[in-house]
Each structure stands twice: as structure tokens, then as C-alpha cells.
Amino acid sequence: MHSGHSHLFIPGPTNVPEAVRQAMNVPQQDMRAADFGDLTLPLFDGLKRVFKTTEGEVMIFPGSGTSAWEAAITNTLNPGDKVLMARYGQFSTLWVKMAEMLGLEPIVVDVPWGAGVPWKEIGRILGRDKDDEIKAVFVTHNETATGVVSDIEAVRRVMDECFHEALLFVDGVSSIGSLDFRMDQWGVDLAVTGSQKGLMMPAGLGILGVSQKALAASKANTMRRAYYDFADMRQFNKDGYFPYTPPTPLLHGLRAALGLIDAEGLDNVIARHARLAEGIRRGVAAWGLDIVAEHRSLQSNTVTAVRVPDTVDAREVLRIAYEDLNCSFGSGLARLAGKVFRIGHLGSFNEGMALTALSLAELALVKAGAKVPLGAGVAAASGWLAHGAQTPDKLVLAAE
Ligand SMILES: *Cc1c(COP(=O)(O)O)cnc(C)c1O
């Protein structure tokens, strides 16, 4: 048995703030009561602020990010539709699989794991699709498997440049609430997230931003669905109700989590993620190790995927961290297994956690046989946090 705190540095589920945990400790309540909307209606407004949409709607489904994705597809597309998908990590890979399982015909653009969305190639393919046979473009904003953030605005630009009518689907599961995300400005039609990442909650809610264009598509499409039906959901949601029993304690937790984001200010939340992520990256660089993201502009501020030296098995680093140090890091997924471990630094995260993550990772790396200078990562990160990153403005200057 371990004594003391255990440490969770995985990119989801993330650490739940005490205020959110306490808020979920409520008696069960009547979900048909006249005042139920007092709890639920402000949640939709709060989520719209986080998604940065005023024109679109937000839906909350029991489930997880994956269920919201399924809802997005089955409510807006038709069997046999051609869809354009970019694949550059395990999560974008899973979306291709889902699209196939649901009877879509994905056109897949593969790029190396560590690269971001190939928006130029997407633009070329859409440019040749003169009859708009491609009905949707799917992009993973933050590929959690590789720690790569992609340029969604660039995707929207190439779509607009060829006047393409496809819907834009964006997986924002590990970005929304932590990274700059602008549903309206980027013309995102379906934006997906889950409760257990940037929103600092347990898993259990699949949350979806839906544009007016996607709502219009949902009225004409023919894919089958039952539980995750937009029309049913909207019919009830407009008065603050749900078509089936909602997980009420999670809704209380969401209210508290949105309250924390509002109190800190979304821009400050985003700047905090940038500041702490830079500290983590400087720590990793001081170890002499590489990260998976191929270019500075692609580095994620929510998760860092660290390549271990060739002589070390990353699974051993993870095992030692877990068994000896009571600490979890994210594993290398699929083709990155054994080569990579991931540090999740999103949601309820601060300086103390960043430095602890680095110091425990150093210990686990050294115990696993890596020649990492003990203390170097922590020193580099502390240097950044002490001198480089005082305010969001200075952060930008210092990062250049
Ligand atoms: C976690 C994650 C998912 C999966 O979401 P679930 O809530 O586990 O269903 C999908 N995409 C990305 C980018 C993720 O980080």
C-alpha cells in the first residue's frame, strides 16, 4: 500500500477540483420538477461561452466524448456519405473506424504521427470535389495521443476558398475548455467534447456544439438513431429538461466547473495552460529527450508526449511510476507503445502539479535506466515559471 496522495498526470480523466467533487454530492432530485431548469438552463449558456458560440447550440448527452461523436454523425450525415478525414494519431484513427462502422465512406489522409492536420491536402481534395460529394471534413483539434494541436482556422479557410459546402466536424475533447477554441469564428459545425478533460469532471457527459447549418442537416438526414437524437433532445432542452433521466449529480458538478472557469476567466485558463505547458516542455528538453510533436507550432498545451531513449521501454517508466511512486502518466498508444509516455497537464492544474509531474517522471525515468540528469527538468521548468512567465502578455514575448 502507498501512503500519501496519488498523482494523476494523465490527459483524462483529469483531476477534479474539490469544489466540483463537493458540488456533486447531492441528494437525487426530481428531474421533472418545475424548477429543474434553474439548474440546467444556465449550463447551456455557460458551455456556449466555453465553445465560443452564440449562433450555435450546445447539447449535453449522457455518455462520453465518443458518444457525442456518434450523435454528431448519426444526426447529420447519410449512409454512404463520403467524408474526408485526416489521421495523425490514435484518436483520429478511432474516428475513421467509427465512420466506417456507421456506414460512411471515409477518404483518409494519413500523415505521420507527430504532424498536424494536413490542411493544404484537404484544400486540394476539396478543390477537386466540384460537385460537393464530400459531405463532411473531420479534424481532431488536439490529438491526445501525440500531443499535437492543429490549425482549425486554416481548415476553415481552405474550405471557404473552394466554396465547399461540407460540414466541419472537430474533435475538441482534449482542447475545449483548455485551449483557444472558437466554434463560430472557425465555422465549426459539430464540436465534440467530454466532461472528463478540460471541464475537470468525471467522465459521463458527451457535450456537443451544433451550428445552425448542422441543425438544418439534422432535419433532412436519414441515418438511424434513437437515444442520441437531436430533435428529441432539443424539444426537451428548451425548457431545461431531458428526454430521459439525466445524471443530475454530474450536472451539479458541471455547474461548479463552469463557475470555476468563469471565475478564473476563460482567457486566463487558456494562458495558464500555455504557461504550464511551456514549463513542462522546457523540463523535457532539459532531460535531453524529444517530444512527438514535430514542430513548435504544433505543441499541445494540454498534453506532452515524451519519447524515451531507445534503450528504455516507456512501459517500464509507466510501471515504475505507478507501482513505486503512486503516480500515473499516460501510456504511449498503439504504435507509440513502449516508445512514449505522456504527461497530461490540463484542467485543474497548477505550478506545484507541473513540477511534481516532472520530478516524478525524472525519478521513474532514472529508475528505468534512462540517463536523465536528476533535477534538471524541474530546474528548467522552475526557471521558466519564475522568470519567463509572469503574465499572459509577457508569456507571449518570452516564448518567442
Ligand atoms: C479522450 C479523447 C477522446 C475520447 O473521449 P471519451 O470521452 O473517452 O469517449 C476522443 N478524442 C480525443 C482527442 C480525446 O482526447
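About the thresholds
- Residues numbered from 1 in each chain as written.
- Predicted model: local features only at pLDDT ≥ 70, side-chain atom pairs only at ≥ 80, totals over all residues.
- Heavy atoms only, no water.
- Helix = DSSP H or I, 4+ residues; strand = E, 2+ residues; numbered from the N terminus.
- Contact = heavy atoms within 4.5 Å.
- Domains from an automatic or database assignment.
- Polar contact = N/O pair within 3.5 Å; in protein donor to acceptor, adjacent residues only side chain to side chain.
- Nonpolar A, V, L, I, M, F, W, Y, C, P; charged D, E, K, R; others polar.
- UniProt positions renumbered as here; feature names shortened; annotations may be inferred.
- pLDDT = per-residue confidence, 0-100.
- Expected span 1.5 Å × (residues − 1).
- Buried < 20%, exposed > 50% of the residue type's maximum accessible area, 1.4 Å probe, protein only.
- Pairing = 2+ DSSP bridges.
- Axes fitted to C-alpha atoms, helices over the stretch in contact; angles between N-to-C directions.

Q: Sorry if this is basic, but what is going on with the side chain of T140 here?
A: Within the element layout of this structure, T140 appears in strand β5 (residues 134–140). Apart from the residues lying within four places of it in its own chain, the contact partners of T140 are Y88, S92, W95, S150 and D171.

Q: Explain the domain arrangement of the protein here, please?
A: Looking at the assigned domains, one finds that the protein contains domain 1 (7–13 + 266–399) and domain 2 (18–262). Averaged C-alpha coordinates put domain 1 and domain 2 at centres separated by 27 Å. Facing 28 residues of domain 1, the contacting portion of domain 2 comprises 27 residues. The tally of links from domain 1 across to domain 2 stands at eight residue pairs in polar contact (both at pLDDT 80 or more). With five residues, the top contributor of residues to the side of domain 1 that touches domain 2 is helix α10 (residues 266–287). Within the side of domain 1 that touches domain 2, the residues separate by chemical class into 14 nonpolar, nine polar and five charged.

Q: Teacher, can you tell me more about the UniProt feature "modified residue: N6-(pyridoxal phosphate)lysine" (unreviewed entry) in the protein here?
A: Annotation from UniProt places "modified residue: N6-(pyridoxal phosphate)lysine" (unreviewed entry) at K197. Structurally, K197 can be placed in the loop between β9 (190–194) and β10 (204–210).

Q: It is not clear to me how the confidence of the model for the protein should be interpreted in this structure. Could you clarify?
A: Close inspection of predicted coordinates is inappropriate in any region flagged by low pLDDT. With 97% of its residues at a pLDDT of 70 or more, the protein shows a mean pLDDT of 96. When the criterion is pLDDT under 50, residues 392–400 qualifies, and its contacts beyond four places in sequence or with other chains add up to 13 contacts.

Q: What is the right way to look at helix α12 (residues 351–367) in this model?
A: Along an α-helix, residues three or four apart share an orientation, since each turn contains 3.6 residues. The end-to-end C-alpha distance of α12 is 24 Å, a good match for the 24 Å that 17 residues give at a rise of 1.5 Å each. Along α12, the positions that sit buried rather than exposed are A354, A357, L358, L360, A361, E362, A364 and L365. At its buried positions, α12 is contacted by β1 (7–9), α10, α11 (314–325), β12 (327–331), β13 (340–344) and α13 (376–388). Two or three places before G352, at the opening of α12, N350 has a side-chain oxygen 3.2 Å from that residue's backbone nitrogen. G369 sits one or two positions beyond α12 and adopts a positive phi of about 105°.

Q: What am I meant to see in the sheet that holds strand β2 (residues 57–63) here?
A: Whenever strands of a sheet pair, they do so through backbone hydrogen bonds, lying parallel or antiparallel. Read from one edge to the other, the open sheet built from seven strands follows the order β2-β10-β9-β8-β5-β3-β4, with strand pairing classed as mixed. Every interior strand has two partners, whereas the edge strands, β2 and β4 (105–110), have only one. On average, adjacent strands in this sheet sit at an angle of 20° to one another, irrespective of strand direction. As paired strands, strand β3 (residues 82–87) and β5 are joined by four bridges and run parallel to one another. Paired with M85 across the bridge in β5 is F138.

Q: What should I look at first to understand the pairing of β13 in this one?
A: In terms of burial, β13 is a largely internal element, five of the five residues being buried. Covered by surrounding structure in β13 are V340, R342 and G344 together with F341 and I343, the residues of both alternating faces. Where strand β11 (residues 303–307) and β13 come together, five bridges link them in antiparallel fashion. Paired with A305 across the bridge in β13 is R342. Strand direction decides the pairing type here: β12 and β13, joined by two bridges, are antiparallel. Following the sheet pairing, S331 is matched in β13 by F341.

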